[in-house]
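Residue-level structure breakdown
Here is what each chain is made of, one letter per residue.
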Amino acid sequence: MSDAPLSEYLLRLGDDRLVLGHRLSEWCGHGPILEEDIALANISLDLLGQASLLLHLAGQVEGEGRDEDALAYWRDETLFRNLQLVELPRGDFGFTMLRQFLFDAWSYHLLDALGRSSHADLAAIAAKALKEDRYHLRHSSEWVLRLGDGTEESHARAQAALDELWPWTGELAYQDEVDTALRARGVVPDLETLRPPWEAMVRDVLGRATLAVPSAPMRMTGGRSGRHTEYLGHLLAEMQIVARSHPGAKW
Amino acid sequence: MVDQRARALEILESVKDPEVPVLSVVELGIVREVRVEGDTVAVTVTPTYSGCPAMHVIEEDIVAALRSGGFPIVEVKTVYAPAWNTDWISDASREKLRAYGIAPPGPVPAEQLVPLGRTVRTVSCPYCGSADTSLESEFGATACKSLHTCHSCHQPFEHFKTF
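Residues numbered from 1 in each chain as written. Chains lettered and ligands numbered in written order. Predicted model: local features only at pLDDT ≥ 70, side-chain atom pairs only at ≥ 80, totals over all residues.

Side note on the overall build of chain B
Convention followed: Helix and strand labels come from DSSP, where a helix needs a run of H or I of at least four residues and a strand needs a run of E of at least two; each type is numbered from the N terminus. Each residue is classed by its C-beta neighbour count within 10 Å, where at least 20 other C-beta atoms makes it buried, 12 or fewer makes it exposed, and intermediate counts make it partly exposed; the C-beta atoms are placed from backbone geometry. Once C-beta atoms are placed from the backbone, any two residues with those atoms within 7 Å are in contact.
Across its full length, chain B carries three helices and nine strands. Its helices and strands taken in sequence order, chain B reads α-β-β-β-β-α-β-α-β-β-β-β from the N to the C terminus. In terms of principal-axis extent, the alpha carbons of chain B reach across some 55 × 30 × 25 Å. Looking at chain B as a whole, 32% of its 163 residues qualify as buried. Contacts spanning at least 24 positions in sequence make up 52% of the contacts within chain B whose residues lie at least 6 apart.

A short note on the overall build of chain A
A tally of helices and strands in chain A yields 10 helices and zero strands. Along its sequence from the N terminus, chain A presents helices and strands in the succession α-α-α-α-α-α-α-α-α-α. Counting only C-alpha atoms and orienting by the principal axes, one finds that chain A spans roughly 55 × 45 × 30 Å. In chain A, which comprises 251 residues, the proportion classed as buried is 47%.

Topic: the sheet that holds strand β4 (residues 40-45) of chain B
Residue and element names in this part refer to chain B. Spelled out, the test is: When DSSP finds at least two bridges between two strands, those strands are taken to pair. Axis lines are fitted through C-alpha atoms, for helices just across the contact stretch, and the angle between N-to-C directions can take any value from 0 to 180 degrees.
Read across the open sheet, the three strands follow the order β3-β4-β5; overall the sheet is mixed. Edge strands, defined here as strands with exactly one partner in the open sheet, are β3 (31-37) and β5 (73-78). Pairwise comparison of adjacent strand axes, ignoring direction, gives a mean angle of 15° for this sheet. Across six bridges, β4 lies against β5 in parallel orientation. Across the sheet, the residue bridging to A42 is E75, located in β5.

Re the packing of helix α2 (residues 34-62) of chain A against helix α6 (residues 120-148) of chain A
Residue and element names in this part refer to chain A. Just so we agree on the cut-off: Here the angle decides the label: under 35 degrees means roughly parallel, over 145 means roughly antiparallel, 65 to 115 means roughly perpendicular, and every other value means oblique. Crossings are assigned a handedness: left-handed for a near helix turned anticlockwise from the far helix by less than a right angle, right-handed for a clockwise turn. Only Asp, Glu, Lys and Arg are considered charged in this grouping, and only Ala, Val, Leu, Ile, Met, Phe, Trp, Tyr, Cys and Pro are considered nonpolar; every other residue, Gly among them, is considered polar.
For the pair α2 and α6, the least separation of the axes is 11 Å and the interaxial angle reads 165°. It follows that α2 is roughly antiparallel to α6 by the angle criterion. For the crossing formed where α2 meets α6, the hand is left-handed. Listed contacts from α6 to A39, I43, D46, Q50, L53, L54 and L57 of α2 are D121, L122, I125, A129, E132, H136 and H139. Grouping the amino acids of the contact of α2 with α6 by side-chain chemistry returns eight nonpolar, three polar and three charged.

Considerations on the sheet that holds strand β8 (residues 145-150) of chain B
Residue and element names in this part refer to chain B. The mixed open sheet is built from four strands, whose spatial order is β6-β9-β8-β7. Pairing within the sheet leaves two strands with one partner each, and these edge strands are β6 (102-103) and β7 (133-137). Where β6 meets strand β9 (residues 156-160), two bridges bridge the pair, whose relative direction is parallel. By the bridge assignment for β9, A103 is matched with H159.

Here's the deal with the nonpolar core
Heads up, the rule is: Put simply, a nonpolar core is buried Ala, Val, Leu, Ile, Met, Phe, Trp, Tyr and Cys residues tied into one set by C-beta atoms within 7 Å.
Of all hydrophobic cores here, the largest spans 104 residues; its most connected members are A:L10, A:L54, A:L98, A:A105, A:I125 and A:V144. If we skip the residues at most four places from it in the chain, A:A105 touches A:L137, A:W198, A:M201 and A:V202.

Side note on unusual backbone geometry
Residue and element names in this part refer to chain B. Here the amide bond leading from A81 into P82 is cis, since omega sits at -5°, within 30 degrees of zero. Take P82: it is sitting in the loop between β5 and α3 (91-100). Despite not being glycine, H154 has its phi angle at roughly 55°, a positive value. Within the secondary structure, H154 is located in the loop between β8 and β9. For H154, a count of 10 C-beta atoms within 10 Å corresponds to the exposed category.

Examining helix α10 (residues 230-245) of chain A
Residues and elements named next belong to chain A. The condition that has to hold: Expected helix span is given by 1.5 Å per residue-to-residue step, counting one fewer step than there are residues. Two axes enter the definition of the bend at a residue: one is fitted to the seven residues ending there, the other to the seven starting there, and the bend is the angle between them.
The first and last C-alpha atoms of α10 sit 23 Å apart over 16 residues, in line with the 22 Å expected at 1.5 Å per residue. Along α10, the sharpest kink reaches roughly 40°, centred on M239. Among the residues of α10, L232, L235 and L236 are the ones counted as buried.

A few points about the interface of chain B and chain A
Each partner contributes residues to the interface: chain B has 20 residues there, and chain A has 27 residues. Among the residues forming the side of chain B that touches chain A, the class breakdown is 11 nonpolar, six polar and three charged.

Brief notes about the environment of B:E33
Residue and element names in this part refer to chain B. With respect to the helices and strands, the residue E33 is situated in strand β3. Using a count of 11 C-beta atoms within 10 Å as the deciding quantity, one classes E33 as exposed. Taking the C-alpha atoms as reference points, E33 and L9, 24 residues apart in sequence, are found 9.5 Å from one another.

Here it is, written out as structure tokens:
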């Protein structure tokens, strides 16, 4: 049975994790130290795994025979529903970690709420992914503390990254008629209720990291309706090229 | 008549996790249910971590082992709830991990609050038993393991994370 709002919502959740997971995978072989290289690859793999479960369910709910691979490799840029925050280039290590922290803190609160969804399959995936998000958040928050309250150089870079990233966090709590329809059935939470606990957590860690929180975020939107920055197209070109060059290939 | 379900379980005990080859998929708690009806054996599994690349291999291994064990039709079904956790690993299996050189997981805490900042949990060295160890990285060669060093016998070792 097709359920358009739900498949749309699952694409949003899945695409966030697919695109951010891909950005993290770009560090593989380039991490500042070996342990961190491995850590980023691990977190990337978790996010890709979560994306795979969410997109698989999106395809099932859509009911048109598309599986997670079809959705990941055969949609073009304007059909992706991820936040613009996650598609921005990885930047330096400080930028990668600050973004990861802002996203992990949001994802932690969102998945916690989705674990109580009236939709059993979504609740199960969320509860499972939340266990992983806990240690992602622990890792990224520790790095934010270390970089912010570190050397003059690390502090300056972390602050610059935060200043650049902060406006993009406005989109985290973006909601539209998709949310309204699903909220009425108890499938998803009101994202506005997640914003205060997210901000409290973020401000606590940033404060301890001696980083100054920029003033109010710009309410940038567009990702959820397929309007993206110039960066997503480049990312997708790399991510999709092998699957599109050799359709149906197995190894 | 041989209990077919018991025979299927015995076969599954021979299917090892490719990344932790000392434990079977049953001992790890990945196999949640086994049913036999006629020629068909239905196995319900649950993944350890969402992105664990071994899961695909494990499913293929389960099918191959049961087929060669005389079950012509094998169905593998995946469930996500309740989420896999390390409390499903038995004491005997924990001892196998330790003997293999991997420090076994501790009990999963009832309420896992998000700790901002490192939580210090003592992990005993699987080689000499010393508690004088330190965490090198929460991320290891696989999603399920972290890296530690023992300061008594100076041996680096892996720990099967509590999850």
